[in-house]
Amino acid sequence: MSEMAATRDGYGQALLEIAGNPKVVVLEADLGKSTKSLHFRKKYPARTISCGIGEQNMLLTGAGLAASGYIPFASTFAIFTERAFEQMRNGVARPNLAVHLCGSHGGTHTGTDGSSAQSIEDLAIYRTLPNVVVMHPSDYVSTLELTKQLPALNKPSYTRTARNKTPVMYRGRESEIIIGKGITLRQGTDVAIIACGVLVSESVKAAEALAEKGINATVVDMHTLKPLDGDLINSLVSQCGAIVTAEDHNVIGGLGGAVAEHLVKNIFAPLEMVGVKDRFGESGQSDEMLEVMQINSKYIEQAAHRAIARKS
Amino acid sequence: MTLSIPELEEFARKCRVEIVKMVYRAQAGHPGGSLSEIDLISALYATRMRVRPDQPKWDDRDRFILSKGHASPGMYAVLAEMGFISHEDLHSYRVLGGKCQGHVDMKWCPGVDFSAGSLGMGLSFGLGCAVAASLDNSERRTFVMLGDGELQEGSVWEAAMAAAHHEVGNLKVILDRNRIQNDDFCEVQMRMFDIPAKWRAFGWEVKEIDGHNMEEVMAGLDFLESTNDKPSILIAHTIKGAGVSFMEDNPAFHGAAPNDEQFAQAMAELGEVVA
């Protein structure tokens, strides 16, 4: 079986690897054990600020640090970052202060904690904020690499990580991982599947199943939702003529929404969106949740057939 | 800068004139809270703040966070008196492209350290600035001005708890206790009971003063500057609209501009001859 690891562990490891920059500071809201900033805290307690269970204060303490020359990394569960949305909007994004917010345990894949903990709207809401870079990496290595690029970004960011383990896909391919650039994992000419986060590996599985039926699918890991890699999408349309998006997120406003906005403004192609169908989740194992929400590889494959059938 | 009490009072009077003029020209804005805070900010800037008006982004400057960002005319008037911006810039208040945005904005106005406008945010931001100063081993201080109505925002208390927990002694708050908020008196909108006791219970050093008596203001600033092992708050009892009789203690002038007649009366009361 292939190597499995959680993207949140990639985030935690990245914090250790960028700790050599003395301006890097970490803010926690009592969930460092979960978001994996705890490793940084243990090694660099003087540069770690506990904010208690107070997300609003955490975001703006980060903003004050960023305005004073520091590079703050704040994390909590994706769902709880949303409690500080207006702080992110007015105190971070508006003055364009480079606070890096990480929301772990994103999506229904989070599992048995149930719907209160399953953020299905975080990518959408942060995507609406000017200046903010929005990412949802798919594996341990890409989360590690993307997080390591954040200190040089000089803009605020939101990164969603996942609680549970997913296949590690990018060992030896670290140099291909760049903020704002989608990664093509598989080449085909019949349909292009654009995915993010935990549904990237599901999309690869779907492409393998399609190949057995003689359908060749391109699979792209669109780890950065904003800025969106529009050039890549244009080339996918030219090459495949039909698009599927796949995300563990509401179909409103996330990756599917971003791709749809790009298509209607730039280039036409039929689009099928695989995502949470504007409903809340429930308690269940990760694989059960992907089935309940109809977003696993089987549903991605079905969407590919529908997209191909709609080609003119 | 050292100014005598009469000189400070004159500094603040000139700022009051500019506040009323700004709001009158714009026919919009927040005169009441600007007039209540102005003696405090005038004394703070004129006698305490370690800043360089010709180098507003100097790294080691003291920070001033106007959390009640709607009371921006007061801050702009002081920044003009200090030389961060010109008196001509005050004409840009609420004007497209102007340095003097409706609410203070660090991206638009030299000397402004925080983009405010949404209440309950400044103390957390100031906490971040203060922590950064400690990490830098810098002597710089962070002063935050809160409004009393603003204390109804829960996030203020997140910050208050965190500042005490981390013993952030370089964080110094001035509370403009003018007893009026947007819709009505605080007492009507949301009673806050014993405000000094609340801050003490959160682990802060507390002192109360009359925020319009310049000698008490100076003693209050001495208190803030001398308290360095834990965060401190100066609770300044003020009068909303102070200095303009028809605005004083009048909720109608939280966010309303004077008409022509009222403007002339205000100028006369403030000892300003209008050509």
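Scroll up for the structure.
Criteria and cut-off values
- Residues numbered from 1 in each chain as written.
- Chains lettered and ligands numbered in written order.
- Predicted model: local features only at pLDDT ≥ 70, side-chain atom pairs only at ≥ 80, totals over all residues.
- Heavy atoms only, no water.
- Core = buried A, V, L, I, M, F, W, Y, C linked by side-chain atoms within 4.5 Å.
- Buried < 20%, exposed > 50% of the residue type's maximum accessible area, 1.4 Å probe, protein only.
- Helix = DSSP H or I, 4+ residues; strand = E, 2+ residues; numbered from the N terminus.
- Domains from an automatic or database assignment.
- Contact = heavy atoms within 4.5 Å.
- 1 Å grid on protein atoms, 1.4 Å probe; cavity = no way out; pocket = protein on both sides within 12 Å on 5 of 7 lines; lining within 4 Å.
- Points joined across faces, edges and corners; volume = space filled by probe spheres on them.
- Nonpolar A, V, L, I, M, F, W, Y, C, P; charged D, E, K, R; others polar.
- Pairing = 2+ DSSP bridges.
- Axes fitted to C-alpha atoms, helices over the stretch in contact; angles between N-to-C directions.
- Parallel < 35°, antiparallel > 145°, perpendicular 65-115°, else oblique.

A.B. asks: Account for the nonpolar core, with residues named and values stated.
C.D. replies: As a rule of thumb, soluble globular proteins bury nonpolar side chains together. Ranked by size, the top nonpolar core spans 135 residues in total, and within it Y45, F64, L123, W199 and W204 of chain B carry the most contacts. The greatest single-element share of this core, amounting to nine residues, is contributed by helix 1 (residues 5-26) of chain B. Split by domain, the residues of this core number at least three in each of domain 1 (4-167) and domain 2 (180-309) of chain A. With residues up to four places along the chain from it excluded, the contact list for L123 of chain B reads S67, V144, L146, V156, A159, A160, L171, V173, W199 and W204 of chain B.

A.B. asks: I'd like to hear about empty space enclosed by the protein, residue by residue, with values.
C.D. replies: Residue and element names in this part refer to chain B. Applying the stated criterion across every chain yields a total of one cavity of 30 Å³ or more. In this structure, the largest cavity occupies an estimated 40 Å³ of space. Together, Y45, M49, V51, P56, R61, D62, F84, G111 and D113 line the largest cavity. Of the residues in the lining of the largest cavity, the class split is five nonpolar, one polar and three charged.

A.B. asks: An account of the sheet that holds strand 4 (residues 205-210) of chain B is requested, with residue identities and associated values reported.
C.D. replies: Residues and elements named next belong to chain B. Strand order in the open sheet formed by five strands is 1-2-3-5-4, and the pairing between neighbours is parallel. The sheet is open, and its two borders are formed by strand 1 (63-66) and strand 4, each paired with just one other strand. When the angles between neighbouring strand axes are averaged without regard to direction, this sheet yields 20 degrees. The pairing of strand 1 with strand 2 (residues 142-147) spans four bridges and is parallel. Each bridged residue has a counterpart across the sheet, and for F64 the counterpart in strand 2 is F143. In the packing of helix 4 (residues 122-135) onto the sheet, contacts are made with strand 1, strand 2 and strand 3 (171-177), and the angle to strand 2 comes to roughly 175 degrees.

A.B. asks: Please set out the packing of helix 4 (residues 55-67) of chain A against helix 6 (residues 85-93) of chain A residue by residue, giving values where relevant.
C.D. replies: Residue and element names in this part refer to chain A. As a packed pair, helix 4 and helix 6 sit with axes 9 Å apart at the nearest point and diverge in direction by 10 degrees. Regarding the angle of helix 4 to helix 6, the classification is roughly parallel. Packed against helix 4, whose contacting residues are Q56, L59, L60 and A63, the element helix 6 presents Q87, M88, G91 and V92 at the interface. Classifying every residue of the contact of helix 4 with helix 6 gives five nonpolar, three polar and no charged.

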